[in-house]
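Each chain is listed here by its residues.
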Amino acid sequence: MQVLVTGGAGYIGSHTVLSLLENNYDVIVYDNLTNSSLESIKRVEKLTSKKVKFVEGDICDKEKLSQLFKQSDIDAVIHFAALKAVGESAEIPLRYYQNNVHGTVCILEVMQQYQVHNFIFSSSATVYGEENDVPYVETMKLGSPSSPYGASKVMVERILADLALSDNKFRGVSLRYFNPIGAHESGEIGEDPKGIPNNLLPYIAQVAVGKRDKLSVFGEDFPTKDGSCERDYLHVMDLAQGHVAALDWLDRHSEFNGVEAFNLGTGNGVSVFAIVQAFEKAINKAIPFEVSPRRAGDLSAFWANASKANKELNWHANRSLEQMMTDTWRWQSNNPNGFLD
Ligand code: NAD
Ligand code: UDP
């Protein structure tokens, strides 16, 4: 079975490509490398001793996509390619809608043209918005996320639902990721943000390696146990395996058409202070931090009800918080400058 992975050179994409190869899928990666490096794919090839076909291209380039679909026998698409910086999305919303929404429509149009029906979409816990109580369950109505980034995920989920109503061959899966962290246990691939990291773990890792002075903890006055925000952190390799489980689910449900959503998380909320402590324990070193004002748009706490994925996909986020920390550190300390090393 051959899978086209858009955005496959990125953080979650590269780990998923590795899992796909280990499960004997053939993989084509399509990526414009705006937020990634080809080195991630080279390292995946080295780790698996398998080849990946790489095509540099933009998901909005329908001509190039059409050529690729024409030449290749593609059975399924896993669609990671997107811009993902929440703050930036409020500054340049049109770019986000163009890339994340229009780009997805382009892929779906080309898939329809070439009669490829299996589609796995990188959705996010952000689609639940602030309207829903935790833990989030797939049966909840989608909310209205405050950022254009979050809104782009809700829009794509709506597009998939409408497409499924109009095309009874379409077989879509929306995987709603919670907070992926960590790296492959080899320390060869991991998260390599450009510039100042927006996310918690890459920031802590850069403080630990001496690239940044101290972490800012955004708020300690939230209505949580220790006052800092709580999130559902899961290991990126568990998340990668969730995609293999979703392909397997599509394969087992040959009669299925429509769109099905699954939460991928551990089911536990962990606070920012608890993450800092867990990281300090893993590296046996203090992480300097200061408490700063809340970040705009941050919800106090959310985590997944992951029962549906546990039961239907036979998938569990098994790796421990300790492993998430040690694997992050192995990647960061072996590659202080990311893939530039
Ligand atoms: P990433 O930035 O590391 O990977 C995205 C990849 O897509 C990059 O390699 C980038 O170069 C590529 N890309 C972007 N726009 C493109 C375009 N127009 N054409 C071709 N390639 C393009 O991000 P990630 O963390 O691996 O996220 C992957 C997906 O998961 C995204 O859709 C993201 O929104 C979603 N997601 C991520 C998180 C998270 O915390 N990392 C959480 C929920 C959902
Ligand atoms: N956070 C923080 N300092 C940082 C980055 C993040 O305190 O430098 C907090 C943020 O307020 C949130 C949590 O860490 O409560 C996770 O943030 P991240 O951006 O990693 O993920 P999000 O859940 O916002 O997608």
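Every value quoted in this text rests on a predicted model; they were computed, and no experiment measured them.

Definitions and cut-offs
Residues numbered from 1 in each chain as written. Chains lettered and ligands numbered in written order. Predicted model: local features only at pLDDT ≥ 70, side-chain atom pairs only at ≥ 80, totals over all residues. Heavy atoms only, no water. Core = buried A, V, L, I, M, F, W, Y, C linked by side-chain atoms within 4.5 Å. Buried < 20%, exposed > 50% of the residue type's maximum accessible area, 1.4 Å probe, protein only. Helix = DSSP H or I, 4+ residues; strand = E, 2+ residues; numbered from the N terminus. Contact = heavy atoms within 4.5 Å. Near = heavy atom within 4 Å. Polar contact = N/O pair within 3.5 Å; in protein donor to acceptor, adjacent residues only side chain to side chain. Areas by Shrake-Rupley, 256 points an atom, 1.4 Å probe, with all protein chains shown as cover. Nonpolar A, V, L, I, M, F, W, Y, C, P; charged D, E, K, R; others polar. Salt bridge = Lys/Arg side-chain N within 4 Å of Asp/Glu carboxyl O. Phe/Tyr/Trp six-rings, centres within 6.5 Å; stacked < 30°, edge-to-face > 60°. Axes fitted to C-alpha atoms, helices over the stretch in contact; angles between N-to-C directions. Parallel < 35°, antiparallel > 145°, perpendicular 65-115°, else oblique. Left-handed = near helix turned anticlockwise from the far one by under 90°. Pairing = 2+ DSSP bridges. Right-handed = clockwise from strand over helix to strand, strands pointing away.

S.K.: What's the story with the nonpolar core in this structure? I'm lost.
M.R.: Counting 52 residues, the largest nonpolar core has L20 and L264 as the members making the most contacts within it. Broken down by secondary-structure element, the contributors of at least two residues to this core are β1 (2-6), α1 (11-22), β2 (26-31), α2 (38-48), β4 (76-79), β6 (171-177), α8 (236-252) and β11 (258-264). Looking at this core element by element, the count peaks at ten residues for α8. Contact partners of L20, with chain neighbours within four places excluded, come to V3, V5, Y25, V27, I78, V244 and L247.

S.K.: Would you mind going over the site of ligand 1 with me for this structure?
M.R.: The full set close to ligand 1 counts 27 residues, and D31, N35, S36, F80 and Y149 are the nearest of them. The contact in question runs from an oxygen atom of ligand 1 to an N or O atom on the side chain of S36, over 2.7 Å. At 2.9 Å from an oxygen atom of ligand 1 is found a side-chain nitrogen or oxygen belonging to K153. Protein contacts shield 95% of the accessible area of ligand 1, which totals 820 Å² for the unbound molecule. Breaking the shell around ligand 1 down by element, the ones donating at least two residues are α1, β5 (118-124) and α6 (148-166). Among the residues forming the shell around ligand 1, the class breakdown is twelve nonpolar, eleven polar and four charged.

S.K.: What am I meant to see in the pattern of salt bridges here?
M.R.: Pairs can form between side chains of opposite charge once their charged atoms are near each other. Applying the stated criterion across every chain yields a total of 15 salt bridges. Salt-bridge contacts for R176 lead to E157; the nearest nitrogen and oxygen are separated by 2.7 Å. One end of the pair, R176, is in strand β6; the other, E157, is in helix α6, with 19 residues separating them in the sequence. Given the relative accessible area of 9%, E157 is considered buried. Here D221 and R294 are joined by a salt bridge, their closest N and O atoms 3.0 Å apart. Pair noted here: D221 is in the loop between β8 (215-218) and β9 (230-231) and R294 is in the loop between β13 (289-292) and α10 (307-312), with a separation of 73 residues, a long-range link. Taken together, the salt bridges that share partners define one network made up of R231, R295 and D298.

S.K.: Quick question: what am I supposed to make of the site of ligand 2 here?
M.R.: Residues in close proximity to ligand 2 total 14 residues, the closest being S216, C229, R231, R295 and D298. Coverage of ligand 2 by the protein amounts to 87% of the 520 Å² it exposes when considered alone. In terms of residues, the shell around ligand 2 owes the most to one element, β8, which gives four residues. Residue composition of the shell around ligand 2, by class: seven nonpolar, four polar and three charged.

S.K.: Would you mind showing me how to read the packing of aromatic side chains here?
M.R.: To describe a pair of aromatic rings, you give the distance between the ring centres and the angle between the ring planes. For the structure on display, the rule yields eleven aromatic pairs. Judged by centre distance (5.5 Å) and plane angle (75 degrees), the ring pair of W249 and F262 falls under edge-to-face. Here F262 lies in strand β11 and W249 lies in helix α8, a separation of 13 residues in the sequence. For W249, a relative accessible area of 2% gives the class buried. Here the aromatic rings of W331 and F339 are separated by 5.0 Å at their centres, their planes lie at 50 degrees, and the arrangement is tilted. Just as W331 is buried, F339 falls in that class too.

S.K.: Would you take a moment to explain the packing of α1 against α8 for this structure?
M.R.: How two helices sit against one another is set out by the angle between their axes and by the gap between those axes. Where α1 contacts α8, the two axes come as close as 8 Å, and the packing angle between them is 55 degrees. By the criterion of interaxial angle, the relationship of α1 to α8 is oblique. Seen along the crossing, α1 lies across α8 with a hand that is right-handed. Residues Y11, I12, H15, T16, L18, S19 and L20 of α1 form the contact with α8, whose participating residues are V236, M237, L239, A240, Q241, H243, V244 and L247. Partitioned by chemical class, the residues of the contact of α1 with α8 number ten nonpolar, five polar and no charged.

S.K.: For this particular structure, what's the right way to read the pairing of β6?
M.R.: Residues in a regular strand point their side chains to alternate faces of the sheet. Counting buried positions over the seven residues of β6 gives seven, a clear majority of the element. The sheet contact formed by β5 and β6 spans seven bridges and is parallel. Bridging across to β6, F119 finds its partner in G172. Running through α6, the crossover from β5 to the neighbouring parallel element β6 is right-handed.

The analysis is restricted to geometry; functional conclusions fall outside its scope.
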